[in-house]
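# Reading the structure
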Amino acid sequence: KVEDVPFKPEIPTWPHSVSIGSPTKGWLAYPARLMESDRISVREKANYGVREMVEAIKTAVDEVHAKFPNTPKLATGDLSRKGGGLFRPHVSHQSGRDVDIGYYMTKGHSKRWLKHASPATLDVPRTWTFLASMMRGGRIEYIFLDYGLQRVLYNYAKNVDKLTSAQLEATFSYP
């Protein structure tokens with residue numbers, strides 16, 4: 001279940017990542033770097049963000065692997081450049097607070113590239129576990145998710161995780 005548990009990353013008190021400005025007009029001081037690992041693939045020079053975002057991604061990936069052993073790598077796209085700022089072709093991705101993340105797929109999975117997912121190719125349990133972790137504790141303000149995928153995730157959250165109607169309404173734009 002998605003619970004409102006405070007996020008308490010193990011982070012040093014200084015220097016702490018600072019997102020300055022907005023996602024569309026900003027920069028990044030003391031960035032954290034999302035590192036390539038056996039669980040996450042990253043785009044070099046595009047893998048910097050605020051520490052809270054980087055830690056949220058790593059925590060969510062770890063939760064997926066704890067629940068589902070032998071999970072393939074999660075492909076991540078762009079976060080921000082090391083100092084933030086203009087990052088073409090994006091309008092956003094300037095202040096280390098937004099990131100492009102791939103889906104866990106049942107087939108057609110790629111360790112390196114963000115791939116189009118459909119209800120038939122989306123690994124719903126893994127993807128929902130990842131999303132629920134990201135949302136826990138109010139760390140994430142928005143998740144932009146293809147509306148066509150929301151139905152299967154909504155049904156999983158409702159029927160397997162037993163989210164209430166109020167939780168479902170707060171989480172999804174579906175139905």
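This report concerns the structure included in the present document. Quick caveat: nothing in here was measured; it's all calculated off a predicted structure.

Cut-offs and rules
- Counting of residues starts from 1 at the beginning of each chain's written sequence and follows it residue by residue.
- Under the rules for a predicted model, residues below a pLDDT of 70 receive no local features and side-chain atom pairs below 80 are neither given nor counted, while totals for whole chains, interfaces and linings still include all residues.
- To obtain the side-chain values, all non-hydrogen atoms of the structure were included, while hydrogens and water were left out.
- Where helices and strands are cited, they refer to DSSP runs of H or I of at least four residues and of E of at least two residues respectively, numbered from the N terminus.
- Residues count as neighbours in contact if any of their non-hydrogen atoms are within 4.5 Å of one another.
- Accessible area is worked out with a 1.4 Å probe on protein chains only. A residue is then buried under 20% of its type maximum, exposed over 50%, and partly exposed in between.
- Polar contacts here mean pairs of N or O atoms no more than 3.5 Å apart (in protein, one a potential hydrogen donor and the other a potential acceptor; neighbouring residues in sequence count only if both atoms are side-chain atoms).
- The convention used is that axes are lines fitted to C-alpha atoms, helices contributing only their stretch in contact, and that angles between N-to-C directions extend from 0 to 180 degrees.
- Roughly parallel means an angle under 35 degrees; roughly antiparallel, over 145; roughly perpendicular, 65 to 115; everything else is oblique.
- Crossing handedness is read from the near helix: turned anticlockwise from the far helix by less than a right angle, it gives a left-handed crossing, and turned clockwise, a right-handed one.
- Following the grouping adopted for this structure description, the nonpolar residues are Ala, Val, Leu, Ile, Met, Phe, Trp, Tyr, Cys and Pro, the charged ones are Asp, Glu, Lys and Arg, and the polar ones are all others, Gly among them.
- In plain words, nonpolar cores are sets of buried Ala, Val, Leu, Ile, Met, Phe, Trp, Tyr and Cys residues tied together by side-chain atoms within 4.5 Å.
- To pair, rings of Phe, Tyr and Trp, with the six-membered ring standing in for Trp, must have centres within 6.5 Å; the planes then decide the type, stacked if under 30 degrees apart, edge-to-face if over 60, and tilted in the middle.

## Observations concerning the environment of Gly 85
Along the chain, Gly 85 falls in the loop between strand E6 (74–75) and helix H2 (124–135). C-alpha of Gly 85 to C-alpha of Ile 20: the two residues are 65 residues apart in sequence and 9.7 Å apart in space. Look past the residues within four positions of Gly 85 in its chain and what remains in contact with it is Gly 26, Trp 27, His 93 and Gln 94.

## What about the side chain of Gln 150?
Its place among the elements puts Gln 150 in helix H3 (residues 147–159). Note on Gln 150: relative accessible area 6%, which makes it buried. Of note is the side chain of Gln 150, whose polar atom sits 3.2 Å from the backbone oxygen of Leu 145. Residues contacting Gln 150, with those up to four places away along its chain left out, are Leu 145, Phe 172, Ser 173 and Tyr 174.

## A word on the packing of helix H1 (residues 51–67) against H2
Contact pair H1 / H2: the axes reach a minimum separation of 8 Å and the direction vectors enclose 140°. Here H2 runs oblique to H1, going by the angle between their axes. At the point where H1 passes H2, the crossing takes the right-handed sense. For the pair formed by H1 and H2, the contact residues are Met 53, Ala 56, Ile 57, Thr 59, Ala 60, Val 61, Glu 63, Val 64 and Lys 67 on the first element and Arg 126, Thr 129, Phe 130, Ser 133 and Met 134 on the second. A per-class count over the contact of H1 with H2 returns eight nonpolar, three polar and three charged.

## A word on the nonpolar core
The tendency in soluble globular proteins is for nonpolar side chains to be buried side by side. Ranked by size, the top nonpolar core spans 39 residues in total, and within it Ile 57, Trp 128, Phe 130, Met 134 and Leu 153 carry the most contacts. If you list the elements that add at least two residues to this core, you get H1, H2 and H3. If you tally residues by element for this core, the top one is H1, at seven residues. When sequence neighbours within four positions are dropped, the list of residues in contact with Leu 153 reads Leu 122, Val 124, Thr 127, Trp 128, Leu 131, Leu 145 and Phe 172.

## Description of the packing of aromatic side chains
Counted under the stated rule, the structure contains six aromatic pairs. Taken together, a centroid distance of 6.0 Å and an interplanar angle of 20° make the contact between Tyr 142 and Phe 144 stacked. Phe 144 matches Tyr 142 in its accessibility class, with the two residues each being exposed. Here the aromatic rings of Tyr 154 and Phe 172 are separated by 5.5 Å at their centres, their planes lie at 70°, and the arrangement is edge-to-face. With Tyr 154 in helix H3 and Phe 172 in the segment after helix H4 (165–171), this residue pair connects regions lying 18 residues apart in the sequence. Comparing Tyr 154 with Phe 172 shows no difference in burial state: the two are buried.

The values reported here are purely geometric and, on their own, carry no functional implication.
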